[in-house]
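# Fold and contact review
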Amino acid sequence: MNLSENKKIETTFNGLPLNYYDSGVPRVENDNLPMVIIHGTTGSTDTHFGYLFPLISSRCRVISIDWSNINEDKLTLSDLKEQVYSVINMTLEGKKYNLLGYSLGAVIAAKIASERVNDVSGLILVAGWQKTDEHQILRNHIWNILRKENSEALKLYMSFCAFSTSFIQNSSLEQTVENAKKIEINEFIDKQMKLNSTIDITDDLPRIKAKTLVIGCSQDLMVPTHHSKQLFSSIDRASYLEIPSGHGVVYERPAELFQHIDHFISNPERFTDGSVINVRQA
């Protein structure tokens, strides 16, 4: 699904192009706060939120930022965070909002929620993590070997890690190969992969005051659920649930993911702090 280009806004940050999407207010009037959504590694609004953006925007105003490459060789968490801040400042200055991050975007979202405690009302962290561990470093190491070898197996390896066994089983090898060819790998992705291996926001999490929903994916090979459980245990007002999916939950189960997002933003107080939610009851 492609987003409507008329929702895409082109701007600049530090002299570099920076694009974002703004849905505007939903057709159905309600009291829901605006929501800022942040994609993950290798992604964009179109590729990671192509399904979710239209669904969420039926409930609230949605703003999504596409990260831009930087001139420096080393990408930092602060570089991506400041890009998100620049769009928030342009669109929501002085307003409260909800924040959703997916994968590396969840790391950025948690970082922002720890700094803008008076602005972020609700926080949703999907398949995120707080500190990179040796399992992730090994996967990243294999990725880098294949990248240096310019291996044709690299994109298939990424697909293998991103999706659950059942999702892959329901596609033919030919279809999986064709879908993997669509993955874009460039210098900016290289920088994001290096950043992924250095993440540690452990000291930031106790400062988060927002009502938080942590969503783990039970078949996630890239960010196994113990990472989401660590986030859950480190944030005071968090609740936790799991979706039966691989890391690519935004492709595998977008409707189910949206259902939980919708429940949370419409009435976050129904999610008791410290609770582990049975998804059949969510």
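By the naming in an unreviewed UniProt entry, the protein chain goes by Alpha/beta hydrolase fold protein and is assigned to Marinomonas mediterranea.

### A few points about the environment of Leu195
Of note, Leu195 is situated in helix 9 (residues 187-196). Between the C-alpha atoms of Leu195 and Thr76, which are 119 residues apart in sequence, the distance is 6.4 Å. Look past the residues within four positions of Leu195 in its chain and what remains in contact with it is Leu75, Thr76, Leu77, Leu80 and Leu104.

### Things to note about the nonpolar core
Residues Val36, Ile38, Val84, Leu99, Leu104, Ile112 and Leu125 are the most contacted members of the largest nonpolar core, which totals 56 residues. The leading source of residues in this core is helix 4 (residues 104-115), at eight residues. Per-domain counts for this core show at least three residues from each of domain 1 (7-130 + 201-270) and domain 2 (135-190). Discounting residues that sit within four places of it in the chain, Ile112 has contacts with Ile38, Lys81, Val84, Tyr85, Tyr97, Leu99 and Val120. Among the nonpolar cores identified, the runner-up in size contains 28 residues, and Phe49, Cys217, Ile243 and Phe264 belong to it.

### Considering helix 10 (residues 225-234)
Burial in helix 10 covers these residues: Thr225, His227, Ser228, Leu231 and Phe232. Seen along its axis, helix 10 keeps its buried residues to an arc of 155°; they face one direction. Those residues of helix 10 hidden inside the fold are in contact with strand 6 (120-126), helix 5 (134-148), strand 7 (211-217) and strand 8 (238-243).

### Quick word on the domain arrangement of the protein chain
What the domain assignment lists for the protein chain is domain 1 (7-130 + 201-270) and domain 2 (135-190). On a C-alpha basis, the centroid separation for the pair domain 1 and domain 2 is 23 Å. On the side of domain 2, 15 residues touch domain 1, which itself brings 19 residues to the contact. Both sides of the domain 1 and domain 2 interface together cover about 1400 Å² of buried area, and 60% of this is carbon and sulfur. Remark: the boundary between domain 1 and domain 2 carries zero salt bridges. Applying the counting criterion to the domain 1 and domain 2 interface returns five residue pairs in polar contact (both at pLDDT 80 or more).

### So, the packing of helix 6 (residues 153-162) against helix 8 (residues 173-180)
The geometry of helix 6 relative to helix 8 is characterised by a closest axis approach of 9 Å and an angle of 110° between their N-to-C directions. One element, helix 6, and the other, helix 8, form an angle in the roughly perpendicular class. In contact with Lys155, Leu156 and Ser159 of helix 6, helix 8 contributes Thr176, Val177 and Ala180. Classifying every residue of the contact of helix 6 with helix 8 gives three nonpolar, two polar and one charged.

### Quick notes on the pairing of strand 7
Among the seven residues of strand 7, seven are classified as buried, and the element is accordingly described as predominantly covered. Side-chain alternation along strand 7 places Lys211, Leu213, Ile215 and Cys217 on one buried face and Thr212, Val214 and Gly216 on a second face that is also buried. Pairing geometry for strand 6 and strand 7, over five bridges, is parallel. Within the sheet, the bridge partner assigned to Gly122 lies in strand 7 and is Lys211.

### Here we look at the layout of surface pockets
As a volume, the second largest pocket reaches approximately 230 Å³. Where the lining of the second largest pocket is concerned, the elements lending two or more residues are helix 5, helix 6 and helix 8. With three residues, helix 6 is the largest single contributor of residues to the lining of the second largest pocket.

### What to know about the packing of aromatic side chains
For the structure shown, the criterion picks out five aromatic pairs. Between the aromatic rings of Tyr21 and Phe53, the centroid separation amounts to 6.1 Å while the plane-to-plane angle is 65°, which identifies the pairing as edge-to-face. Placement of the pair is Tyr21 in strand 2 (residues 16-22) and Phe53 in helix 2 (residues 52-57), with a sequence separation of 32 residues. Of the two residues, Tyr21 and Phe53, neither departs from the other in class, the shared state being buried. Among the aromatic residues, ring-to-ring pairing joins Phe163, Phe167 and Tyr251 into one connected group.

### Some remarks on the environment of Val214
Positionally, Val214 belongs in strand 7. Distance from Val214 to Gln230, taken between C-alpha atoms, is 9.8 Å for residues 16 residues apart in sequence. Those residues within four positions of Val214 in sequence are excluded, and the remaining contacts are Leu125, Ser228, Leu231, Phe232, Ala238, Ser239, Tyr240 and Leu241.

### Quick word on the sheet that holds strand 4 (residues 62-66)
What the eight strands build is an open sheet, ordered 1-2-4-3-5-6-7-8; its pairing is mixed. Strand pairing shows two members of the sheet lacking a second neighbour, strand 1 (8-13) and strand 8, which therefore form its edges. For this sheet, the mean angle separating the axes of adjacent strands, direction not counted, is 20°. Bridging between strand 7 and strand 8 involves six bridges; their strand directions are parallel.

Criteria and thresholds
Residues numbered from 1 in each chain as written. Predicted model: local features only at pLDDT ≥ 70, side-chain atom pairs only at ≥ 80, totals over all residues. Heavy atoms only, no water. Helix = DSSP H or I, 4+ residues; strand = E, 2+ residues; numbered from the N terminus. Contact = heavy atoms within 4.5 Å. Core = buried A, V, L, I, M, F, W, Y, C linked by side-chain atoms within 4.5 Å. Buried < 20%, exposed > 50% of the residue type's maximum accessible area, 1.4 Å probe, protein only. Domains from an automatic or database assignment. Arc of directions from axis to C-beta. Buried area = accessible area lost by both parts, 1.4 Å probe. Salt bridge = Lys/Arg side-chain N within 4 Å of Asp/Glu carboxyl O. Polar contact = N/O pair within 3.5 Å; in protein donor to acceptor, adjacent residues only side chain to side chain. Axes fitted to C-alpha atoms, helices over the stretch in contact; angles between N-to-C directions. Parallel < 35°, antiparallel > 145°, perpendicular 65-115°, else oblique. Nonpolar A, V, L, I, M, F, W, Y, C, P; charged D, E, K, R; others polar. Pairing = 2+ DSSP bridges. 1 Å grid on protein atoms, 1.4 Å probe; cavity = no way out; pocket = protein on both sides within 12 Å on 5 of 7 lines; lining within 4 Å. Points joined across faces, edges and corners; volume = space filled by probe spheres on them. Phe/Tyr/Trp six-rings, centres within 6.5 Å; stacked < 30°, edge-to-face > 60°.

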